[in-house]
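Take a look at the letters that make up each chain.
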Amino acid sequence: MPETNEIHPEFSEISRRIRVVSTPNTSQTYLSRIKGYLIWCRKNKIDPQQALPEAILDYLAHREWKKSTKTTTMAALEALYEVMSGNWGIAENPAYLASQINTEKRHRFGSRGHIRTQLPSTLDREEEAAFIAATHRQDHAGYEGMRPGQLMRFILGTGLRREEAISLCERDIRLKGEEPYVHVIRGKGDKERTVPLNKKLREELTAFADLRSAFLSENGHERKTQAALPFFCDNKGNPYEGSSVYYIMRRTLRQAGIEKWQSGPHVLRHTFATKQLQEGVPTSIVKLWMGHKDATTLLKTYEHVITADPRHTPV
């Protein structure tokens, strides 16, 4: 186990405050859970003082723990942010908000899998325009400056899941030829699919790819090896962390003045599907683009927007 100051500079104070508000047994359990979380934050270069609810959910999602352990961990993190709220200047407890998100999901799907009537969060046309404008305001010169905003516009224009977008390699994107597309090799359930690219997104990605190539070359990556690296990689060739994508999404929504009951990157996927169906693209086509096994999920989720005017190119 790392030294106390390596876990977090204020870990001694955190420990003292947790012991003040908890019984000895509870304190011991909570501090064990808090240690693991803070070490994860340090490893993933996340400042726990500025962590978003989605980062906490991402932390728990990748732990192979029993439900009871995850529940205890969530309670420990709620206690962490409660006792440190004054020092860290936290207006809303992110662990509590993460717990609310989990509760919302349980309500939506129900204990027996029955879906509630609440519709998925999407961006309407005005919100989409505001969101895209916000991503462009975030853009700065060079590859690294363009990367966050371009990732958001990429997910919005392809409907890819977060994990699919950040793991996509350069060789999976075809920008030349009359029919540019994205080849998703390892989608949910290990299903392969291709998603066409519209003209505007193709032009953006072509310019972005040139910046990426120059950036990676400057950082010692030979051109012949760049195709195997994640398309949205950093200077070491590493992909985005899932929690970082949540942070970018939340920041962009905030800058665009948009509030949704869901605020993760899946909102962009929902927006993509809704937009295609509203424009009359057949459900059979949208199903393939979304990577659904059959049309049942698509119909249940988006039946309120399905129309009959067929189109075959994403808009």
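Residues numbered from 1 in each chain as written. Predicted model: local features only at pLDDT ≥ 70, side-chain atom pairs only at ≥ 80, totals over all residues. Heavy atoms only, no water.

Peer 1: Looking at this model, I keep getting lost on the overall build of the protein. Mind explaining?
Peer 2: Along the backbone of the protein there are 16 helices and three strands. The buried share of the protein, taken over its 315 residues, is 46%. Pairs at least 24 residues apart make up 61% of the contacts formed inside the protein by residues separated by at least 6 positions. Counting every atom, the protein has about 16,800 Å² of accessible surface; 49% of that belongs to carbon and sulfur. (Helix = DSSP H or I, 4+ residues; strand = E, 2+ residues; numbered from the N terminus. Buried < 20%, exposed > 50% of the residue type's maximum accessible area, 1.4 Å probe, protein only. Contact = heavy atoms within 4.5 Å. Areas by Shrake-Rupley, 256 points an atom, 1.4 Å probe, with all protein chains shown as cover.)

Peer 1: Can you help me understand the pairing of strand β2 (residues 181-184) in this one?
Peer 2: Look at any regular strand and the pattern is simple: side chains alternate between the two faces of the sheet. Because side chains alternate across β2, one face comprises the buried residues V182 and V184, and the other comprises Y181 and H183, none of which is buried. Pairing between strand β1 (residues 173-174) and β2: two bridges, direction antiparallel. Bridged to R174 within β2 is Y181. Hairpin connection of β1 to β2: six residues between the antiparallel strands, including G177 at a positive phi of 95°. Looking at chain direction, β2 and strand β3 (residues 193-196) are connected through four bridges and run antiparallel. Among the inter-strand pairings, H183 is bridged to a residue of β3, identified as T194. (Pairing = 2+ DSSP bridges.)

Peer 1: Looking at this model, I keep getting lost on the nonpolar core. Mind explaining?
Peer 2: Looking at soluble globular proteins, one finds that nonpolar side chains tend to be buried together. Counting 46 residues, the largest nonpolar core has F131, M152 and F154 as its most contacted members. Examining the composition of this core, we find that six residues originate from one element, helix α9 (residues 142-158), more than from any other. Among residues more than four places away in sequence, those in contact with F154 are L160, A165, L168, I173, V182, L201, L205 and F232. One finds I7, Y59, M84 and A95 within the second-largest nonpolar core, a separate group that totals 29 residues. (Core = buried A, V, L, I, M, F, W, Y, C linked by side-chain atoms within 4.5 Å.)

Peer 1: What is the right way to look at unusual backbone geometry in this model?
Peer 2: Residues other than glycine predominantly adopt negative phi, and peptide bonds predominantly adopt the trans conformation. Of note in the backbone geometry, K45 takes a positive phi value of approximately 55° without being a glycine. Relative to the helices and strands, K45 is located in the loop between α3 (24-43) and α4 (53-61). We classify K45 as exposed; its relative accessible area is 78%.

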